[in-house]
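Results of the structural survey
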Amino acid sequence: MSTIKINNLCKNYGKLQAINNLSLELNSGQIVGLVGPNGSGKSSLLRILGAFDMAYSGEVLINGFKPGLESRKIVSFLPDKPYISENLRAEQIIELYDGFFSDFNKEKAFKMLELFKLKPEQKLIEMSKGMGEKVQVLLTMSRDAEIFILDEPISGVDPASRKIILRSMIEGFSEDALMVVSTHLLNDIENIIDSVIFLDSGQIKIQGSTDDLREQYGKSINELFEQIFQ
Amino acid sequence: MSYKFDESQPIYLQLIEIFKTNIANGTWKAGEKIDSVRNLALDFAVNPNTVQRALVELENIGLAYSQRTSGRFITQNQELTRNLKHEMAENKTRDFVKQMQAIDIEQKAILDLVQRCLSLEE
Amino acid sequence: MFSKLYKYQIKELWFIARYFYLAMTGTILIGLFISETRIPGVVQFFNTLLLIGFIICGIAIIIFTITHDYQNQQGKRSYFFRSIPAKESVIIGSRLSYYLTYYFATVIVLAIGIAIFTISHTAINMMLPFHIAFSIIKDIFFQTKIIGMLLFIIVYAVFHQVISMMFAITIGSHARLKSLGIGGPILVYFLHYVAMQILTLISMLFIPISIKLPENPDTGFEFRIVFESMMPEMSKLFSAQSNEIKYIGIGFIFTTFIVWIIMAIWIYKCSKNKISLN
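What you see is a predicted model; the values in this text were computed from it and never measured. (Residues numbered from 1 in each chain as written. Chains lettered and ligands numbered in written order. Predicted model: local features only at pLDDT ≥ 70, side-chain atom pairs only at ≥ 80, totals over all residues. Heavy atoms only, no water.)

Some remarks on the sheet that holds strand β2 (residues 224-226) of chain C
Residue and element names in this part refer to chain C.
- If you walk across this open sheet you meet the three strands as β2-β1-β3, and the pairing is antiparallel. Of all the strands in the sheet, just β2 and β3 (247-249) have a single pairing partner and so form its edges. Along the sheet, successive strands turn relative to each other by an average axial angle of 35 degrees, direction set aside.
- Relative to β2, strand β1 (residues 210-212) runs antiparallel, the two being bridged by three bridges. Across the sheet, Ser210 pairs through a bridge with Val226, a residue of β2. (Pairing = 2+ DSSP bridges. Helix = DSSP H or I, 4+ residues; strand = E, 2+ residues; numbered from the N terminus. Axes fitted to C-alpha atoms, helices over the stretch in contact; angles between N-to-C directions.)

Spelled out as structure tokens, the structure:
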């Protein structure tokens, strides 16, 4: 059972308030979509959860631990920018991950490499931007982690690969796992998530189960998003 | 695979309809084991919890039952499946009739039309 | 975990560093080859060029050592490096080992290269065979205490450099300095440098431990440690009672050592609790 608990979280960059007194509780067994316009604080929030930003005020607990060493063991994080050494071959990066993360599933990684039609002996520097993003996604998804935090996992890849990524999210889902996904491509993802958080100026505007929201507004989540943030 | 859902309606309700159709037309046979939630979620490309919710609903109306260890099965109650079939047929026909009336087609014309379409099918 | 982290950092830089080490070896070999021709003028000219290139390569490796650590801590590879579930002490230890490995490797290569260039330079200037020039240079170093002092200075300087760099990169990327980007570490390094200069000067002046310089150069290079600070020396110098310095304060060695410990704790705390990636 994994949980994320956030109480009165604030984060600012100088005078700019990225997250404004946000409180939230997420339990395992669900895929949560985090959406909002640019600058709404999505990435800032995810970075804090990933223990990559410790300069915040308020309380953040991941399975009862402040983001740090303990949370790194159970959180698999996908940043929204390239972050891996370009000099390594895909297979070397997989080996590297296998060495560093005890929950890494090498078999799964090589299987996804094949699904994405990537060559194991190809160096990252020789890959296109989209190919590089696929490698990063497969590394993140190949950990049997308790919590997955994915910042824009599908925005940079072609539709066929999007399907593979969405499939891997369903496959990676379990009763004990929690997945938080930020995206601006709601269309592709809205059937995959079971609840959604609309973030605006660092605050939660709407939060709820996707099917409940559909019932309540008679609209798709994407239409609801467009209506609110037109 | 690759179902097109109407995303302005709750997905689980649409899944229930699909499952009911599968039972009515025999794709899912009486007494047969239902595929795992994960596999169904992958097939329909939807959230596993949504599939779970639809299957629980299916159990609530008696069309499926769970066995603690071996999984979920389609009901063997023939009467229930028969009723389901009738109910679905009736609902669809009622919708059809409503649509016909909405464009002002007379009763006789409706029957003629149905007969003609059926003979064309053959 | 330590050895994995260490290997990862070493390998990552090796992709680039290997070319520079290769170039350094190449310049030494070419230098020797040119010296062998013994054409005066030509040899001096080319060897000077080669020596400059050689030193630039060494400096480049050091610069890359620093920038790669920055990339791991705050730059483009930071989201990988900082996601590794390793204890902070292990992370810092592996960084320290990585720095020391490349610094010392580079210093050793530089020392060997410069020695070879010096020997061939002496051999040509004094019209001597190489092996005689070698033994002359060797004697200068080994028959005196210079070699010991030199080694001490190098080891001390390398340690100080490495800790200062780690300090600058870690503290300079701290939340409030983050917005300065790479300017953060540079600013911290600069401030730290100025502070260290002042601290060193104060320590030399007031901590009563010094090296007494040889009074008569003819009796050889003999250094003695005396328990006096430089302050009386300096006041004499300023009041024109004397016009030479007899002591050089070495009290700064102890203060720097304390500063290293403070910096290490600071690095640890900041690296553990104050990470803020871009």
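Some details on the arrangement of the chains
- No other pair of the two pairs of chains in contact has as many contacts as chains A and C.
- One finds no contact linking chain B with chain C; the least C-alpha distance across the pair is 28 Å. (Contact = heavy atoms within 4.5 Å.)

Considering the nonpolar core
- Residues A:Met169 and B:Leu15 are the most contacted members of the largest nonpolar core, which totals 117 residues.
- With eight residues, the top contributor of residues to this core is helix α1 (residues 11-24) of chain B.
- If we skip the residues at most four places from it in the chain, A:Met169 touches A:Ile31, A:Met141, A:Leu150, A:Met179, A:Val181, A:Ile189 and A:Ile192.
- Counting residues in each nonpolar core, the second largest holds 49 residues, with C:Tyr21, C:Ile28, C:Tyr102 and C:Val188 among its members. (Core = buried A, V, L, I, M, F, W, Y, C linked by side-chain atoms within 4.5 Å. Buried < 20%, exposed > 50% of the residue type's maximum accessible area, 1.4 Å probe, protein only.)

Digging into the pairing of strand β2 (residues 16-27) of chain A
Residues and elements named next belong to chain A.
- Sheet topology places strand β1 (residues 3-13) next to β2; eight bridges connect them, and they run antiparallel. Bridge pairing links Leu9 to Leu22 in β2.
- The hairpin turn running from β1 into β2, its antiparallel successor, is two residues long, and Gly14 in that turn takes a positive phi close to 65 degrees.

Digging into the interface of chain B and chain A
- Across the boundary between the two partners, chain B contributes 19 residues, which contact 25 residues of chain A.
- Here chain B meets chain A over a buried area of about 1,700 Å², counting both sides, of which 50% is carbon and sulfur.
- Run the count over chain B and chain A and you get one salt bridge.
- Here B:Arg53 and A:Asp212 are joined by a salt bridge, their closest N and O atoms 3.8 Å apart.
- Applying the counting rule to chain B against chain A returns 11 residue pairs in polar contact (both at pLDDT 80 or more).
- Sorting the residues of the side of chain B that touches chain A by element identifies α1, α2 (37-44) and α3 (48-60) of chain B as the ones contributing at least two each. (Buried area = accessible area lost by both parts, 1.4 Å probe. Salt bridge = Lys/Arg side-chain N within 4 Å of Asp/Glu carboxyl O. Polar contact = N/O pair within 3.5 Å; in protein donor to acceptor, adjacent residues only side chain to side chain.)

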